[in-house]
Amino acid sequence: MDNSACRLCESASGGFHFAVNSKLGAQISLCSRCGFVQSNPSSGRAFSAPGPEIHGDRLSCDADYAPFRVGKAQMLSHQNGALGFCKDRLGKISSIFDAAGARGDFLRHALANFQPDSLYVREFSPTMLSALQVEASLDSRVVVLDGASGLGEGLPDRQFDLVYSTHSLEHFRRPRAEFTSLAALVAEHGLLLVDVPDVEQLDIEQAVEEYFYDEHLSYFSLATLQLLASQSGFVLVYSERTAGSIVSVFARHTQEFRSEEPPLPQLPGITRYGAALKRNRAALPSRGTTLVQTIRREANTQVVAVGCGRKFDAFLTYGGLDISLFTSFADNFLSRAVPTVRGRKLEALDSLRLSSPEGVVFVIFANGAEQEISTFLRTRFPRATIVIP
């Protein structure tokens, strides 16, 4: 199969192609037959496996993203419905396989809430692998597998009640092979939970950060995810679209669970994505100027940047926003991975220390959680000014 052929339906019929601001020379293509979106990096690598984490303290708004991984607590926070469905459906969940453990958020959640007899967790990052091995040494139920060695030698098929894959499948160049391997581990009446970024939630009207970045090689809609599952004999039994993701649960195709024709993917904006991103970034200097005027009008000395990820980086990189405008920096998820952002101390929002609770300006750069954060801040700092640029 050539580099541009669809890696899901294997069609070579062509489709829409465009380049992104990639350090790997990646080009994004949209299959005209099945609607699958894939990255075609010039390296042709099979998996965007993370190496040892290196020094760095910013999430780039461009395709290079970051030299470290934040973890998956943010994803776990929107999986209550799917995990509840699995628990209700399965009853006792005795055995679990986590396809990419990262910082161990699901590992700890599963041990506390499902109380399994065994929990296998695979990880690719050497740094995170070492940390998980330390946790495993404290609990005999946990077995840690090195992702560089595959799914693990000697794991029998159909062993696990629940196979859990969160924000992992999109890192594979050949997602069909990965899905097939995971599906083989699912017990006869078990479930496979898959959480991936939802390309249909791509917001070209607002995006200022590169959606198609180098660590992701495959991009799914609900339709293409269902097509992928059907190739392994699995059908969709639960799905939810939330926080930019598709959270889905699959089961084996049986008399109880029958396959249905998946909906066609809805990607009307993807052909306009490149032009829209350029336009949105060109507007950032003006938006930054308006933000500065708003803050100065309040005449406060305490200005807190909340959500110091990729949108924040876009305002600094393309909007010319001066980071010295802010006196404090808060990010609940990023602060778990790095202690600073661009050399400034980074704190979790709930442990933020201010010189005074009065007269504070909070500028929320977070994507998708603005209202939730605003509610939290208004409760804790009722006299604060909240700005969403």
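The structure contained in this document is the topic of the report that follows. (Residues numbered from 1 in each chain as written. Predicted model: local features only at pLDDT ≥ 70, side-chain atom pairs only at ≥ 80, totals over all residues. Heavy atoms only, no water.)

1. Brief notes about the sheet that holds strand β12 (residues 302–306)
Here we have four strands laid out as an open sheet, ordered β13-β12-β16-β17, and parallel in their pairing. With partners counted over all chains shown, the strands left at the sheet margins are β13 (328–330) and β17 (385–387), one partner each. Across the sheet, the mean angle from the axis of one strand to that of its neighbour is 20°, orientation sign disregarded. Here β12 pairs with strand β16 (residues 360–364) via five bridges, running parallel. When the bridges of β16 are listed, Val306 appears paired with Ile364. Packed onto the sheet, helix α10 (residues 370–380) meets β12, β16 and β17 and runs at close to 165° relative to β16. (Pairing = 2+ DSSP bridges. Helix = DSSP H or I, 4+ residues; strand = E, 2+ residues; numbered from the N terminus. Axes fitted to C-alpha atoms, helices over the stretch in contact; angles between N-to-C directions. Contact = heavy atoms within 4.5 Å.)

2. Remarks on the pairing of β16
The buried fraction of β16 is high, at five of five residues. Side chains Val360, Phe362 and Ile364 project from β16 onto one buried face, and the interleaved Val361 and Val363 project onto a second face that is buried too. Relative to β17, β16 runs parallel, the two sharing three bridges. What sits directly across from Val361, in β17, is Thr385. (Buried < 20%, exposed > 50% of the residue type's maximum accessible area, 1.4 Å probe, protein only.)

3. Quick look at the packing of aromatic side chains
Under the definition given, this model contains 19 aromatic pairs. With centroids separated by 6.2 Å and ring planes inclined at 75°, the aromatic side chains of Phe124 and Phe172 adopt a geometry described as edge-to-face. Taken as a pair, Phe124 in the loop between β5 (118–123) and α4 (126–136) and Phe172 in the loop between β7 (160–166) and α5 (175–185) lie far apart in primary sequence, 48 residues in all. The exposure class assigned to Phe124 is buried, which follows from its relative accessible area of 13%. Judged by centre distance (5.1 Å) and plane angle (80°), the ring pair of Tyr211 and Phe212 falls under edge-to-face. Side by side, Tyr211 and Phe212 carry an identical accessibility label, which is buried. Every member of this aromatic cluster is reached through a ring pair, and the members are Phe312, Phe315, Phe326, Phe329 and Phe365. (Phe/Tyr/Trp six-rings, centres within 6.5 Å; stacked < 30°, edge-to-face > 60°.)

4. Focus: the nonpolar core
Judged by nonpolar contacts, the single largest core of 32 residues is most densely connected at Cys308, Phe312, Leu321, Phe326, Phe329, Val363 and Phe365. For this core, the elements supplying multiple residues, two or more each, are α8 (284–298), β12, α9 (310–317) and β16. When residues no more than four places from it in sequence are discounted, the contact partners of Phe326 are Val303, Val304, Ala305, Phe312, Leu321, Val363 and Phe365. The next biggest cluster of nonpolar side chains, apart from the first, holds 30 residues, and it includes Cys9, Leu192, Leu228 and Phe250. (Core = buried A, V, L, I, M, F, W, Y, C linked by side-chain atoms within 4.5 Å.)

5. A short note on α4
Every buried residue belonging to α4 is among Met128, Leu129, Leu132 and Ala136, and all of these are buried. The buried residues of α4 all sit within an arc of 105° when viewed along its axis, so they share a single face. Where α4 is buried, its residues meet α3 (105–113), β5 and β6 (142–146). (Arc of directions from axis to C-beta.)

6. Looking at unusual backbone geometry
In this structure, Glu10 is a non-glycine residue whose phi angle is positive, near 65°. Mapped onto the elements, Glu10 comes out in the segment before β1 (15–19). Of note, the phi angle at His167 is positive, near 45°, even though the residue is not glycine. Relative to the helices and strands, His167 resides in the loop between β7 and α5.

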